[in-house]
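A structural walkthrough
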Amino acid sequence: MRKRILVFPVVMVCLMIPGAYGQQKTASPLKFTESLMTGYNRGFGIQGSVTASNFDKGFPFKLRLGVGLNILNPGNALDARRIFVNNATNGTPEKKGHSIDFRLDFMIPKTVFGVKDSYFTFGPRFSAFLGDFRYVGGNEDFEVRSNQWGLGAELENHFKMMKDIVFVINYGLDFYFPSTLSGHDSSYSPDNDNINPKDDYQNDDQPFKYRDADKAIYQPKFMPHLMLGFIFSI
């Protein structure tokens, strides 16, 4: 549902802006490009996007809507089990994690490192994170999830390769706000309005708090990235 909440207004903005400017005589035909990038985003990442440009002579930026998949270390498997399930220690831990992010970028033309065809970009982010923890021989398998809003900023260099193909280098940082972590039958929230928190036997059986879950689970926070790819004209 939160993904739809993000995508709907973005689509509406993209549709309304060209309509408003299309009535002016100075308006030019709207242009769209697609891009595909891959590289480092706190792990392996791949990202696809569509960019709208050429709204009007006076329009100050391009608009880009993108979605990405990032393969991440989900956290400390032993602590995750204690905090979300129980104090059992049997079994060999295995783990894997990923996040799917949605982003809206406002792209402002700006010379970066002497490259004239470059942009400063910024905008809102939304991330859906999942960490999968298994304990082979311990009969335990559970997932921890969170949904987060965030903000991001990037610098981007463009290098024209062919008529309709541009090589792109993108580097920047996304920041995501703390959010509820849910797994098995427990959840931990930033305000510590927690559901079924487990007891910490190493601390006089005091219930675990959000800070413990957030330390054990590596949901997106600061996400530095360096991505390489290509832009294609549609």
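It should be noted that the structure appears before, not after, this text.
Note that the coordinates shown come from a computational prediction; the quantities given were computed from them, not determined experimentally.

**Topic: the pattern of salt bridges**
In total, this model carries 16 salt bridges according to the counting rule given. One salt bridge in this structure joins R64 and D105, with 3.2 Å as the shortest N-O distance. Here R64 is found in strand β3 (residues 62-72), whereas its partner D105 is found in strand β4 (residues 92-109), with 41 residues between them in sequence. There is no split in this pair, since R64 and D105 are both buried. Of the charged contacts in the structure, one is a salt bridge between R103 and D174, with a shortest N-O distance of 2.9 Å. Linking R103 in strand β4 with D174 in strand β7 (residues 165-176), this pair joins segments that are 71 residues apart in sequence. This pair shows no difference in class: R103 is buried, exactly as D174 is. Within the structure, one salt-bridge network assembled from shared partners comprises R64, D101, R103, D105, R125, E154, E156 and D174.

**Description of the environment of F208**
Relative to the elements of secondary structure, F208 occurs in the loop between β11 (206-207) and α3 (210-216). Along the backbone, F208 and I83 are 125 residues apart, and their C-alpha atoms lie at a distance of 6.5 Å.

**Observations concerning the packing of aromatic side chains**
Tallied over the full model, the rule gives 15 aromatic pairs. An angle of 65 degrees between the planes, with centres 4.9 Å apart, marks the rings of F126 and W149 as edge-to-face. Placement of the pair is F126 in strand β5 (residues 118-136) and W149 in strand β6 (residues 140-160), with a sequence separation of 23 residues. Using a relative accessible area of 34% as the deciding quantity, one classes W149 as partly exposed. Taken together, the ring pairs connect F55, F59, F61, F106, F120 and F122 into an aromatic cluster. The ring of Y135 has R81 lying over it, and the distance from NZ or CZ to the ring centre is 4.4 Å.

**Some points on a nonpolar patch on the surface**
A surface patch of nonpolar side chains, about 930 Å² in accessible area, is lined by L36, F44, I46, L69, I71, F159, M161, M162, F230 and F232. Elements supplying a minimum of two residues to the nonpolar patch: β2 (44-53), β3 and β12 (222-233). Among the secondary structure elements, I46 is positioned in strand β2. When its relative accessible area of 35% is taken as the criterion, I46 is described as partly exposed.

**Here's the deal with the nonpolar core**
In terms of nonpolar packing, the biggest core is built from 20 residues, with F84, F133, F142 and I217 touching the most fellow members. Going through the elements one at a time, α2 (77-84), β5, β6 and α3 are the ones with two or more residues in this core. Tallying contributions element by element places α2 first for this core, with four residues. Among residues more than four places away in sequence, those in contact with F142 are A80, R81, F84, V85, G131, D132, F133, Y135 and H184. M37, V166, V168 and I231 belong to the second largest nonpolar core, which has five residues in total.

Cut-offs and rules
Residues numbered from 1 in each chain as written. Predicted model: local features only at pLDDT ≥ 70, side-chain atom pairs only at ≥ 80, totals over all residues. Heavy atoms only, no water. Salt bridge = Lys/Arg side-chain N within 4 Å of Asp/Glu carboxyl O. Helix = DSSP H or I, 4+ residues; strand = E, 2+ residues; numbered from the N terminus. Buried < 20%, exposed > 50% of the residue type's maximum accessible area, 1.4 Å probe, protein only. Phe/Tyr/Trp six-rings, centres within 6.5 Å; stacked < 30°, edge-to-face > 60°. Lys NZ or Arg CZ within 6 Å of the ring centre and 35° of its normal. Patch = residues over 30% accessible without salt bridge, like charges linked within 9 Å, V, L, I, M, F, W, Y side chains within 5 Å. Areas by Shrake-Rupley, 256 points an atom, 1.4 Å probe, with all protein chains shown as cover. Core = buried A, V, L, I, M, F, W, Y, C linked by side-chain atoms within 4.5 Å. Contact = heavy atoms within 4.5 Å.

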